[in-house]
Amino acid sequence: MTGTATVREFIEQRSFSRFHFWMLFWTCFIITFDMYDLVVYGAVLPVLIKQWGITPVEAGAIGSYGFFGMMLGAVGFGVLADRFGRKRILLTAVVLFSASTALCGFAPSPTVFSVFRFLAGLGIGGILPTVIATLTDYAPKGRANSYVAIVMSFFHVGGIVAALVAMALIPRLGWQAVYWLAAIPLFFVPFMGRYFPDSPSVLVRRRGPDAALRVLGDLAGRPVAAAEVSFPAPEAKEQRAPIQALFTEGRALGTVMIWIAFFMCLLMLNGLTVWLPQLMVRSGYDLGSSLNFPIWQNIGAIVGTLFFGRLADRLGVKRVLVPMYVGAAISLGLLGFGSGLVLLLALIAVTGATANGAQNLSYAFVAQYYPPFMRSTAIGLASAVGRIGAIFGPIFGGVLLTMNLPISANFLWFGLPGLLAALAFWFVPLKGKPDPAKSPLSLEEAS
């Protein structure tokens, strides 16, 4: 490359490098335990109901405490990451969710357990806004969706690991041992910090151009001279008010529609995540067999996220997302009418590919829809609104189970929000989006 390029142009013209590998590696590691900590509650829930004598509604409320913490963490950590840098916020979030989840295994009562679950939720909520924004900051052109898809697929690796660990440890060591394993990321925090730089704009603002040039040198695999890259001056007003900027420059309707979609999707997904094993127990499967269903859901999610992520890089995120949400609603509704283990497993895998896959790509869409100075804030607030749906998901499922509805009715109710999420994304306006020069997501890529 000759001449001076903007920092965005310089990054987009890089190919996959050692820099990208280690960033992806540690992000995938974090996300695996992030999802492990979230899913493991559903895996141990049938045991907790028996041991502590709690009702389905109380169990749903305990599950919602974690999602409430995630909502607050997504907003708080997302805003702080854009203001003070993503690296230190990310590492703080990792320590918080890992330590708090491990402490759940020492909880003597539902009340103490709920407190630790809330604290873990705070940390979990801070992970996605920081890691997805950082990946998008440094992704080569046409690879942002694929990178996010790779990382988000490890959410489902964590779900599979949680189910397998629960099946292996609960009968032998009790449910507490499943939570103790969550302390593993604490031992790797010193290594993670080396591979999560702040965004170039934050580096320039806080430490000067030389700090940004050093990171770009790591990205390029060679020293980068100041003459090669130009760093545009930040817009001071926007830097001070990223939340307000979500509703300016044609973003207001898109922001509202994105929030509705996130609310509906996480209502659907987190209610299902918590209650799927228990629903299958009520359908006549024993606990060991019922824990196989989340495994197949997560296998489908991994395949779907990777496949549709690459497809989104080629066709545009929105063109892929809307049909995925429709497919999620249909497959989830059909779960209640499936007969035979093979058919049920297939439907659960398709549900994972479409429902979980759509949610994963939604984060990629948000990361590219907004400019870098507000990216963590945008992801954090969309995630936070989604967590409001997640809070109601387990409670909603608990209420449904207390009503003793047919199993098919439960799945139909959980599928309906998928249709509403598809409708919301359909109405996200792309032509009224901000100037593409301020955001890497062009109209062609977005549609």
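Residues numbered from 1 in each chain as written. Predicted model: local features only at pLDDT ≥ 70, side-chain atom pairs only at ≥ 80, totals over all residues. Heavy atoms only, no water.

Participant: Requested: an account of the overall build of the chain, with residues and values cited.
Facilitator: Per the secondary structure count, the chain includes 20 helices and two strands. When burial is assessed residue by residue, the chain has 60% of its 447 residues classed as buried. Taking as baseline every contact in the chain between residues at least 6 positions apart, the subset at least 24 positions apart corresponds to 84%. On the chain, roughly 16,900 Å² of surface is accessible, and the fraction owed to carbon and sulfur atoms is 69%. (Helix = DSSP H or I, 4+ residues; strand = E, 2+ residues; numbered from the N terminus. Buried < 20%, exposed > 50% of the residue type's maximum accessible area, 1.4 Å probe, protein only. Contact = heavy atoms within 4.5 Å. Areas by Shrake-Rupley, 256 points an atom, 1.4 Å probe, with all protein chains shown as cover.)

Participant: Explain the packing of aromatic side chains to me, and be specific about the residues and the numbers.
Facilitator: Summed over the entire model, instances satisfying the criterion amount to 28 aromatic pairs. Both rings, one in F21 and one in F25, keep their centres 6.3 Å apart while their planes meet at 25 degrees; by these two values the pair is stacked. Of this pair, F21 and F25 are both found in helix α2 (residues 18–52), four residues apart, which corresponds to roughly one turn of the helix. Overall, the relative accessible area of 37% leaves F25 in the partly exposed class. Centroid distance W175 to Y179: 6.0 Å. Interplanar angle 85 degrees. Geometry classified as edge-to-face. In this pair, W175 and Y179 are both assigned in helix α7 (residues 175–180), four residues apart and thus about one turn of the helix distant. Of the two residues, W175 and Y179, both sit in the buried class. (Phe/Tyr/Trp six-rings, centres within 6.5 Å; stacked < 30°, edge-to-face > 60°.)

Participant: Before we move on, can you summarise the nonpolar core with the specific residues and values?
Facilitator: Counting 141 residues, the largest nonpolar core has Y41, F113, I127, I132, I258, F365 and F425 as its most contacted members. Of all the elements, α2 adds the most residues to this core, at 22 residues. (Core = buried A, V, L, I, M, F, W, Y, C linked by side-chain atoms within 4.5 Å.)

Participant: Any chance you could break down helix α6 (residues 144–173) for me, citing the residues and the numbers?
Facilitator: Its 30 residues place the ends of α6 42 Å apart at the C-alpha level, agreeing with the 44 Å of an ideal helix rising 1.5 Å per residue. The largest bend in α6 amounts to roughly 30 degrees and is located at A166. Following α6 by one or two positions, G174 has its phi on the positive side, about 90 degrees. (Expected span 1.5 Å × (residues − 1). Bend = angle between axes of the 7 residues up to and from the residue.)

Participant: Lay out the environment of V274 with the relevant residues and their values.
Facilitator: Counting through the fold element by element, V274 comes out in helix α13 (residues 252–282). The class for V274 is buried, based on a relative accessible area of 2%. Taking the C-alpha atoms as reference points, V274 and S64, 210 residues apart in sequence, are found 9.7 Å from one another. Beyond its immediate chain neighbours, meaning those up to four positions away, V274 contacts Y41, G42, L45, F67 and P394.

Participant: Describe the pattern of salt bridges, and please don't skip the residues or the numbers.
Facilitator: Under the counting rule described, the total for this entry stands at three salt bridges. Here D137 makes a salt bridge to R86, at a shortest N to O gap of 2.0 Å. You can see D137 sitting in helix α5 (residues 110–138) and its partner R86 sitting in helix α4 (residues 86–104), a full 51 residues away along the chain. As far as burial versus exposure is concerned, D137 and R86 are alike and both buried. Here R310 and D313 are joined by a salt bridge, their closest N and O atoms 3.7 Å apart. (Salt bridge = Lys/Arg side-chain N within 4 Å of Asp/Glu carboxyl O.)

Participant: Account for the environment of V366, with residues named and values stated.
Facilitator: Tracing the backbone through its elements, the reader meets V366 in helix α17 (residues 341–369). What makes V366 buried here is its relative accessible area of 1%. Remark: the alpha-carbon pair of V366 and A378, spanning twelve residues in sequence, is separated by 7.0 Å.

Participant: So, the packing of α2 against α5: which residues are in play, and what are the values?
Facilitator: α5 packs onto α2 with a crossing angle of 155 degrees between their chain directions and a minimal axis gap of 11 Å. When the axes of α2 and α5 are compared, the pair comes out roughly antiparallel. Regarding α2 and α5, the two cross each other, and that crossing is left-handed. Its residues placed into classes, the contact of α2 with α5 shows 17 nonpolar, three polar and three charged. (Axes fitted to C-alpha atoms, helices over the stretch in contact; angles between N-to-C directions. Parallel < 35°, antiparallel > 145°, perpendicular 65-115°, else oblique. Left-handed = near helix turned anticlockwise from the far one by under 90°. Nonpolar A, V, L, I, M, F, W, Y, C, P; charged D, E, K, R; others polar.)

Participant: A description of a nonpolar patch on the surface should follow, citing residues and the corresponding values.
Facilitator: Together, V326, I330, L334, F337, L412, W413, L416, L419 and L420 make up a nonpolar patch on the protein surface, roughly 830 Å² of accessible area in all. Among the secondary structure elements, those contributing two or more residues to the nonpolar patch are α16 (317–335) and α19 (407–426). Sorting elements by how many residues they give to the nonpolar patch places α19 first, with five residues. (Patch = residues over 30% accessible without salt bridge, like charges linked within 9 Å, V, L, I, M, F, W, Y side chains within 5 Å.)

Participant: Kindly report on the packing of helix α9 (residues 200–207) against helix α10 (residues 209–220), identifying the contributing residues and their values.
Facilitator: Where α9 meets α10, the axes come as close as 6 Å, and the angle between the chain directions of the two elements is 145 degrees. On the side of α9, the interface is formed by P200, L203, V204 and R207, while α10 contributes P209, A211, A212, R214 and V215. Looking at the contact of α9 with α10 residue by residue, the classes come out as seven nonpolar, no polar and two charged.

Participant: Tell me about a positive patch on the surface, residues and numbers included.
Facilitator: Taken together, the side chains of R83, R88, R205 and R206 define a basic patch exposed on the protein surface. Within the secondary structure, R205 sits in helix α9. With a relative accessible area of 34%, R205 lands in the partly exposed category. (Lys, Arg positive; Asp, Glu negative; His and termini not counted. Charge placed at Lys NZ, Arg CZ, Asp CG, Glu CD.)

Coordinates in, geometry out; function isn't part of it.
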